[in-house]
Amino acid sequence: EHYLCSYTTDISFSQSELSKLLPNTDVVRLIETHPKILSVNVGAKVRDNLIDLKGLLKVANVVDTAVEVMVVHNPRLLTSDIKGTVSKRAVYLEKLRPGSIASLSAKPASLSRILCASEKALDRIAYVSLFDSAHEKSAIVTVNTPRAKFNRTYPGFEPWQASIAAKRTAGGTHPGGNGIIN
């Protein structure tokens, strides 16, 4: 009984803290869609992640309300490594398609998905740019295309990406818009 009372108090505290951080958000729904948020320190970790995410995206003129909408669409951002993984994805995306973050700021759900995409998914953008630039689609369409469909359209992607990943692991950096590791 004591454990249940403590757990209920923790949930109430977390819900209250989230309401302060995201005043325009249905935090009950946010918790329902991403219960992992209750396992982290909302008062510190989640707050810091939100501040870091807003800071990261402010340089691309993404307004705070758009960041809050992103979090609603992809609550995983609140528990992700913003200064590490998410920041690296943002830098890589901008390297591949300069101005992408600013242009996607009008579509917060899409921006949240692309910032949480895997490195391999973002490598698709470099591949299409390098090998099929005449048929380039938006970054979000390229990243979100189902793997089977993408691989049918671009059968050379998997071996190319494997070599890029191996070079990256060996100390290279990401391929630029021209697909070359630099």
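Computed from a predicted model, the values in this text were never measured in an experiment.

About the thresholds
Residues numbered from 1 in each chain as written. Predicted model: local features only at pLDDT ≥ 70, side-chain atom pairs only at ≥ 80, totals over all residues. Heavy atoms only, no water. Phe/Tyr/Trp six-rings, centres within 6.5 Å; stacked < 30°, edge-to-face > 60°. Helix = DSSP H or I, 4+ residues; strand = E, 2+ residues; numbered from the N terminus. Buried < 20%, exposed > 50% of the residue type's maximum accessible area, 1.4 Å probe, protein only. Lys NZ or Arg CZ within 6 Å of the ring centre and 35° of its normal. 1 Å grid on protein atoms, 1.4 Å probe; cavity = no way out; pocket = protein on both sides within 12 Å on 5 of 7 lines; lining within 4 Å. Points joined across faces, edges and corners; volume = space filled by probe spheres on them. pLDDT = per-residue confidence, 0-100. Contact = heavy atoms within 4.5 Å.

Asks: Sorry, what's going on with the packing of aromatic side chains here?
Replies: For any pair of aromatic rings, the description rests on two quantities: the centre-to-centre distance and the angle between the ring planes. For the structure shown, the criterion picks out eight aromatic pairs. Ring geometry for Tyr 127 and Trp 160: centres 5.2 Å apart, planes at 65 degrees, overall edge-to-face. A residue pair is termed long-range when its members are at least 10 positions apart, and Tyr 127 in helix α8 (residues 119–131) and Trp 160 in helix α11 (residues 157–169) qualify at 33 residues. On the basis of relative accessibility, which here comes to 12%, the residue Trp 160 falls in the buried class. The rings of Tyr 127, Phe 131, Phe 150, Tyr 154, Phe 157 and Trp 160 are connected pair by pair, giving a single aromatic cluster. Here Arg 124 stacks its cationic end above the ring of Phe 150, 4.4 Å away from the centre of that ring.

Asks: Which parts of the structure should I look at to understand the environment of Ile 164?
Replies: Checked against the element boundaries, Ile 164 lands in helix α11. With a relative accessible area of 3%, Ile 164 lands in the buried category. With 44 residues separating them along the chain, Ile 164 and Lys 120 place their C-alpha atoms 9.4 Å apart.

Asks: Please explain the layout of surface pockets as it appears in this structure.
Replies: One simple way to see leftover space: roll a probe sized like a water molecule over the atoms. Its volume calculated, the largest pocket comes out at about 180 Å³. As for the largest pocket, its lining consists of Val 128, His 135, Lys 137, Val 141, Thr 142, Thr 145, Pro 146, Lys 149, Phe 150, Thr 153 and Tyr 154. Of all the elements in the fold, those that place two or more residues in the lining of the largest pocket are α9 (139–144) and α10 (147–153).

Asks: Whenever I open this one, the confidence of the model for the protein chain confuses me. Can you help?
Replies: Detailed conclusions should not be drawn from predicted coordinates in areas where pLDDT is low. Across the protein chain, pLDDT averages 83, with 84% of residues at or above 70. This stretch, residues 177–182, has a pLDDT under 50; its non-local contacts, to residues over four places away or in other chains, come to 22 contacts.

Asks: Explain the environment of Ser 100 to me, please; I cannot follow it from the model alone.
Replies: The residue Ser 100 is located in helix α6 (residues 100–104) in this model. Expressed as a C-alpha distance, the spacing of Ser 100 and Ala 60, which sit 40 residues apart in the sequence, is 9.0 Å. When neighbours within four sequence positions are excluded, Ser 100 is seen to be in contact with Leu 93 and Glu 94.

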